[in-house]
Amino acid sequence: MKRSWIFLCLGALMAVGQTAAAERPNIVFILADDLGYADPGFNGGTQIHTPHLDKLAREGTVLKSFYVQPLCSPTRAALLTGRYPMRHGLQVGVITPRAPFGLPLEERTLADALREAGYFTAICGKWHLGDFRREYWPNQRGFDHAYGHLFGMLDYFTHIRNGIVDWYRNGERVVEEGYTTHLIAREAVRVIREHGGERPFFLYVPFNAVHTPLQVPEEYMKPYQHLPEKRRKLAGMLAALDEAVGQIVAAVEEKGLRRNTLFVFSSDNGGPNPGRVTDNSPLRGGKATLYEGGVRVCAFATWDGHIPAGRQLDEPMHIVDWFPTLVKLAGGSLAPDKQKLPLDGRDIWPTLTAGAPSPHQEILLNAAPNAGAIRVGDWKLKLRRTREGEQVELFNLAHDIAEKNNLAAAHSDKVKELRARYERWAAQAAPPKNKPKL
Ligand SMILES: [Ca+2]
């Protein structure tokens, strides 16, 4: 009798455990590099075929006002900490190979937090958050499994940057043949296939595509012979990236995990050379600028049965928001004893799933000595400082998404209000680790 009672209790406990585990999704976070706002079909692109991305986006919600930082390293720092990169000293430039700094070691990463919550954590792709000492490498920053490269801008075929083969598996340099987009997809698929299923996984897949150098196997460019050379190469690179995303989704489905897997897709910054190589229309500017074309990117989130399908959402969000949102979904802790440094990100789950407004009154787009911007409601203040002085621009994004009309002179009160809000953030910035160009 006593024994059967114990078994009953154990059975009940196991059932509760299984329910909790079933509700905690696997997370596949795919980050594209330098992809233009309107390059993929799901965000208005018509020149380049992206059927896999479009399908996955249709099955979820497209985020039309999703913000990142204007460059590679800062966006990755923001995603992995839930904190604006001005707090890490990463608000200027990127982390160049062998630079004597990285994402500060006191930062708790998203991988740390999800691993603490019982997740298996893996990165396949580009790190770009510090390489000069091993403590800064992904295996030391919360990832159980790490594959890919530490620097940015490596050669897609030789995997060399600055004369060094920049290709690793769990801290060991590996020499492998292949196009990086193919290799990253192959590893991501392998991680999914070999996953035991006893705990959920966080799979972070930051492709180096479609960042320069513009390189792609010839066959991917064939449908795009009518495009100018650089655009043709970019089209091929995006087609390869799209195929890779299709393979990752297929691996999740073959494993029977589709219903408990959350997919997130985003670019890490706006497209460079907009209008010539990438397409950020209808946004102004591109990579490395604080115009919308630099910081508002193509993005979506898909989880069958949880995030509404076939919808576009215009509520402003920032990539820092995924940290608290995902940690909460994973059943992890954001309590001060675990999360010692204050988060800038907010939980966007009610906005994604239940029609709640954006959790942000304001979003800081960057705060550096030479450039800064803030969005407050529909208004945006953009500041640029040069030796000649300060350029002040004010836009109303609800009426002017292309930022054509600078309203600073006509709305000086609004400039004053937004500047005061901006300065409150800027006062919290750590000294930048790169020297700003004035
Ligand atoms: Ca980038």
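Everything discussed here concerns the structure shown above.
Thresholds, definitions, all that
- Residues numbered from 1 in each chain as written.
- Predicted model: local features only at pLDDT ≥ 70, side-chain atom pairs only at ≥ 80, totals over all residues.
- Heavy atoms only, no water.
- Buried < 20%, exposed > 50% of the residue type's maximum accessible area, 1.4 Å probe, protein only.
- Helix = DSSP H or I, 4+ residues; strand = E, 2+ residues; numbered from the N terminus.
- Pairing = 2+ DSSP bridges.
- Core = buried A, V, L, I, M, F, W, Y, C linked by side-chain atoms within 4.5 Å.
- Domains from an automatic or database assignment.
- Contact = heavy atoms within 4.5 Å.
- Axes fitted to C-alpha atoms, helices over the stretch in contact; angles between N-to-C directions.
- Salt bridge = Lys/Arg side-chain N within 4 Å of Asp/Glu carboxyl O.
- Donors = N, O, S within 2.8 Å, 3.2 Å for Na, K, Ca; no water.
- Tetrahedral: all angles 85-135°; square planar, octahedral: opposite > 155°, others 65-115°.
- Parallel < 35°, antiparallel > 145°, perpendicular 65-115°, else oblique.
- Nonpolar A, V, L, I, M, F, W, Y, C, P; charged D, E, K, R; others polar.
- Expected span 1.5 Å × (residues − 1).
- Lys, Arg positive; Asp, Glu negative; His and termini not counted.

(A) Expanded view of the pairing of strand β12 (residues 299-302). Along β12, one buried face is formed by Ala299 and Ala301 and the opposite face, lined by Phe300 and Thr302, is buried too. Bridging between strand β2 (residues 61-63) and β12 involves 2 bridges; their strand directions are antiparallel. Residue pairing across strands places Thr61 opposite Ala301, the latter belonging to β12.

(B) Examining the nonpolar core more closely. If you look at the biggest cluster of nonpolar residues, it comprises 78 residues, and the most contacted ones within it are Phe29, Phe66, Leu110, Phe202, Tyr204, Ile319 and Trp322. With 5 residues, helix α8 (residues 322-329) is the largest single contributor of residues to this core. Taken domain by domain, this core gets at least three of its residues from each of domain 1 (24-360) and domain 2 (364-426). In this view, Phe29 contacts Leu79, Phe202, Leu203, Tyr204, Val205, Val264, Ile319, Trp322 and Leu326; residues no more than four positions away in its chain are not counted. Grouped together as the second largest cluster of nonpolar side chains are 57 residues, Ala122, Tyr224, Leu234 and Ala239 included.

(C) Molecular detail of the sheet that holds strand β1 (residues 26-32). Here we have 10 strands laid out as an open sheet, ordered β9-β8-β5-β4-β10-β1-β11-β12-β2-β13, and mixed in their pairing. Lying at the two open borders of the sheet, with one neighbouring strand each, are β9 (172-173) and β13 (311-313). Examined bridge by bridge, β2 and β13 share 3 bridges and lie parallel to one another. Bridge assignment links Leu63 to a residue of β13, and that residue is Leu313.

(D) The sheet that holds strand β17 (residues 379-386), seen in detail. Read across the open sheet, the 4 strands follow the order β15-β16-β17-β18; overall the sheet is antiparallel. For this open sheet the edge positions go to β15 (362-367) and β18 (389-396), each flanked by a neighbour on one side alone. Mean inter-strand twist for the sheet, computed between neighbouring axes without regard to direction, equals 10 degrees. With 6 bridges joining them, strand β16 (residues 371-376) and β17 adopt antiparallel strand pairing. The residue bridging Val376 from the neighbouring strand is Trp379, located in β17. Taken strand by strand, helix α10 (residues 412-426) contacts β15, β16, β17 and β18, and its axis lies near 70 degrees from that of β17.

(E) How the structure looks around the pattern of salt bridges. Throughout the structure, instances matching the rule amount to 34 salt bridges. Note that Asp33 and Lys126 form a salt bridge whose closest N and O atoms lie 2.5 Å from each other. Here Asp33 is found in the loop between β1 and α2 (51-58), whereas its partner Lys126 is found in strand β4 (residues 120-126), with 93 residues between them in sequence. For the residue pair Asp33 and Lys126, the accessibility class agrees, reading buried in each case. Within the structure, one salt-bridge network assembled from shared partners comprises Lys55, Glu59, Glu253, Arg258 and Asp304.

(F) Representation of the coordination of the calcium ion within the structure. Of the protein atoms, only Asp33 (OD), Asp34 (OD), Cys72 (SG), Asp268 (OD), Asp268 (OD) and Asn269 (OD1) coordinate the calcium ion, at distances of 2.2 to 2.6 Å. Each of the 6 donor atoms around the calcium ion contributes to a set of angles spanning 52 to 158 degrees, which defines the coordination as irregular. Sequence positions of the donors to the calcium ion reduce to the motif D-D-x37-C-x195-D-N. Of the two residues, Asp33 sits in the loop between β1 and α2 while Asp268 sits in the loop between β11 (261-267) and α7 (292-295), which places them 235 residues apart along the sequence. For Asp33, a relative accessible area of 0% puts it in the buried group. Taking relative accessible area as the criterion, Asp268 reaches 0% and is therefore assigned buried.

(G) How the structure looks around the packing of α2 against helix α6 (residues 229-254). Orientation of α2 relative to α6, taken along the N-to-C sense of each, is 50 degrees, at an axis distance of 7 Å. Between α2 and α6, the angle is such that the two are oblique. Only Leu238, Asp242, Glu243, Val245, Gly246 and Val249 of α6 make contact with α2, whose side of the interface consists of Pro51, His52, Leu53 and Leu56.

(H) Structural detail: the packing of helix α5 (residues 180-194) against α6. Running from amino to carboxyl end, α5 crosses α6 at an angle of 10 degrees, the nearest separation of the two axes being 9 Å. On the basis of their axis angle, the class for α5 and α6 is roughly parallel. Residues Thr181, His182, Ala185, Ala188, Val189, Ile192 and Arg193 of α5 lie in contact with α6, whose contacting residues are Ala240, Leu241, Glu243, Ala244, Gln247, Ile248, Ala251, Val252 and Glu254. For the contact of α5 with α6, a count of residues per class yields 10 nonpolar, 3 polar and 3 charged.

(I) Expanded view of α6. Here α6 contains 26 residues, and its C-alpha end-to-end distance of 37 Å stays within 8% of the 38 Å for a straight helix at 1.5 Å per residue. Once α6 finishes, Gly256 follows within two positions and takes phi at roughly 75 degrees, a positive value.

(J) Region of interest: unusual backbone geometry. Note that the residue after Ala209, namely Val210, is joined by a cis bond; omega there is 10 degrees. Structurally, Val210 is set in the loop between β10 (201-206) and α6. Thr212 connects to Pro213 through a cis peptide bond whose omega is 0 degrees. Mapping Pro213 onto the fold places it in the loop between β10 and α6.

(K) Spatial organisation of the side chain of Lys64. Tracing the sequence through the fold places Lys64 in the loop between β2 and β3 (66-67). For Lys64, which is buried and forms no salt bridge, the nearest opposite charge comes from Asp314, at a distance of 7.5 Å. In contact with Lys64, not counting residues within four places along its chain, are Tyr37, Asn43, Arg296, Gln312, Leu313 and Asp314.

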